[in-house]
Amino acid sequence: MTANTSIKMAFTASALALAASTASAESWDMPMAYAATNFHSEMGVVFADKVRDYTGGDIDITVHAGGSLFKGGEIKRAVQTGQAPIGERFMSAHANEAPLLGWDNLPFVATTYAENEKLWHAAKDKVNGQLSDLNLVALYTCPWPGQGFYFNKEVTSSGDTQGIKFRSYNTATATFAEKLGMIPVQVEAAELSQALATGVAEAFISSGSTGYDRKVWEHLSHYYKVNAWLPRNYVMVNKQVWEGLSAETQGQVQKAADETGAACSAKSEELANWYFEQLSGNGMKVTDAGPAFIAELQEIGTKMTADWLEAAGDDGKAILDAYNAN
């Protein structure tokens, strides 16, 4: 018996109870990992409002931002097991469990919003099949702005990064840290400010959004634009809950999801440079990474993509083949 099967069997009762209750007006709690002011969380509220509107109030979603209901690392399992009917999480955070879900963290493969969207279309069917095996249904996804490095000093190469405690949020970021001689430490976004203040973490890779949300200029001095990848969050629903909805209600919820996903992607692209302006305006030095550092990162990235292809198998190869063919 696989771990996924055990999860499904252990929590079938709670999931079915949730599904059965959707026959009448239903209140859904939706845990989200990021601050209420983050654009992902704001779009979660937009989605909830649309669902309430399109279903005529039959589904009433309450958003719980900032890891207030479940911490970021707990959200997927909470939805899988029926503790929450719906939630949002960083997709590649689950790449340890299912390597295919690291499709959006392949360094320098898709570095623009248009390329990221093309990669998502290449990956979507395979990813949805993987999520179904995990007892989940993805309603919409939304990219973060491109990922760059935050440090508290000037960095020109890996010679400047040795021994730094580096906040990682998934397998890919931990690999980058190790290859650059840094020490990866797992820290959720909601805990990042405290980790920087106490020295638990001294650097990290993320978008301008995270730096702005967490006011990292209070602790760090430099942001290096790298645009290594544009990772995606996704809103997921428990598979039994979803299958318990009528076809009409599924259509209404999916309409809300499709509209919100498009609006969220547009908002992410709109804000990308604005975040850099805010970091700079608050005293950080925001600049492109230098050629020596970029060359090292690209070499590491090539090896990371090869490792992902080996771990993800035929499905991973099919994703990249489809992406490169178009």
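One can find the structure itself at the top, above this paragraph.
Model, not experiment: these values are computed from the prediction.

This part is about the sheet that holds strand E6 (residues 165-168). Across a sheet, paired strands are connected by hydrogen bonds in the backbone, their directions being either parallel or antiparallel. A sheet is described by the order of its strands in space; here 6 strands give the open sequence E7-E6-E8-E5-E9-E11, paired in mixed fashion. Taken across any chain shown, the strands that pair with only one partner, and hence form the sheet edges, are strand E7 (183-186) and strand E11 (285-288). The sheet shows a mean angle of 25° between the axes of neighbouring strands, direction not considered. Sheet topology places strand E5 (residues 148-151) next to strand E8 (residues 203-206); 3 bridges connect them, and they run antiparallel. Following the sheet pairing, Phe149 is matched in E8 by Ile205.

Attention shifts here to the pairing of E8. Residues Ala203 and Ile205 of E8 are buried on one face, and the alternating residues Phe204 and Ser206, pointing to the opposite face, are buried as well. Looking at chain direction, E6 and E8 are connected through 2 bridges and run parallel. Following the sheet pairing, Phe166 is matched in E8 by Ala203.

A separate point is the sheet that holds strand E10 (residues 232-238). Pairing in this open sheet of 3 strands is antiparallel, and the strands run E3-E10-E4 from one edge to the other. Of all strands in the sheet, those bounded by a partner on one side alone are strand E3 (86-90) and strand E4 (136-143). In this sheet, neighbouring strand axes are inclined to one another by 25° on average, regardless of whether the strands run parallel or antiparallel. One ladder, built from 7 bridges, connects E4 with E10; its direction is antiparallel.

Among the nonpolar cores identified, the biggest contains 82 residues, and Phe47, Ile61, Leu139, Phe149 and Phe151 are the most heavily contacted of them. It is helix H11 (residues 291-325) that contributes the most residues to this core, 10 residues altogether. Dropping the residues within four chain positions of it, Phe149 is found in contact with Phe166, Phe176, Leu180, Phe204, Ile205, His222, Tyr223, Tyr224, Val226, Phe293 and Leu297. Grouped together as the second largest cluster of nonpolar side chains are 15 residues, Leu192, Val216, Phe276 and Leu279 included.

A few words on helix H3 (residues 39-54). Between its first and last C-alpha, H3 extends 22 Å over 16 residues, near the 22 Å set by a 1.5 Å rise per residue. Phe39, His40, Ser41, Met43, Gly44, Phe47, Ala48 and Val51 are the residues of H3 that are buried. For H3, the N-terminal cap is Asn38; the gap from its side-chain oxygen to the backbone nitrogen of His40 is 2.8 Å. One or two steps after H3, the chain reaches Gly56, where phi turns positive at roughly 65°.

The next point concerns the packing of aromatic side chains. Within the structure shown, the criterion is met by 19 aromatic pairs. Look at Tyr150 and Tyr223: their rings are 4.5 Å apart centre to centre, the planes differ by 65°, and that puts the pair in the edge-to-face class. Of the two residues, Tyr150 sits in strand E5 while Tyr223 sits in strand E9 (residues 222-225), which places them 73 residues apart along the sequence. Of the two residues examined, Tyr150 and Tyr223, each falls in the buried class. Ring pairing ties together the aromatic residues Phe149, Phe151, Phe166, Phe176, Tyr224, Trp229 and Phe293, which thus form one cluster. Across the ring face of Tyr54, the terminal group of Lys255 is positioned such that the distance to the ring centre comes to 3.8 Å.

How each quantity is defined
- Residues numbered from 1 in each chain as written.
- Predicted model: local features only at pLDDT ≥ 70, side-chain atom pairs only at ≥ 80, totals over all residues.
- Heavy atoms only, no water.
- Pairing = 2+ DSSP bridges.
- Helix = DSSP H or I, 4+ residues; strand = E, 2+ residues; numbered from the N terminus.
- Axes fitted to C-alpha atoms, helices over the stretch in contact; angles between N-to-C directions.
- Buried < 20%, exposed > 50% of the residue type's maximum accessible area, 1.4 Å probe, protein only.
- Core = buried A, V, L, I, M, F, W, Y, C linked by side-chain atoms within 4.5 Å.
- Contact = heavy atoms within 4.5 Å.
- Expected span 1.5 Å × (residues − 1).
- Polar contact = N/O pair within 3.5 Å; in protein donor to acceptor, adjacent residues only side chain to side chain.
- Phe/Tyr/Trp six-rings, centres within 6.5 Å; stacked < 30°, edge-to-face > 60°.
- Lys NZ or Arg CZ within 6 Å of the ring centre and 35° of its normal.

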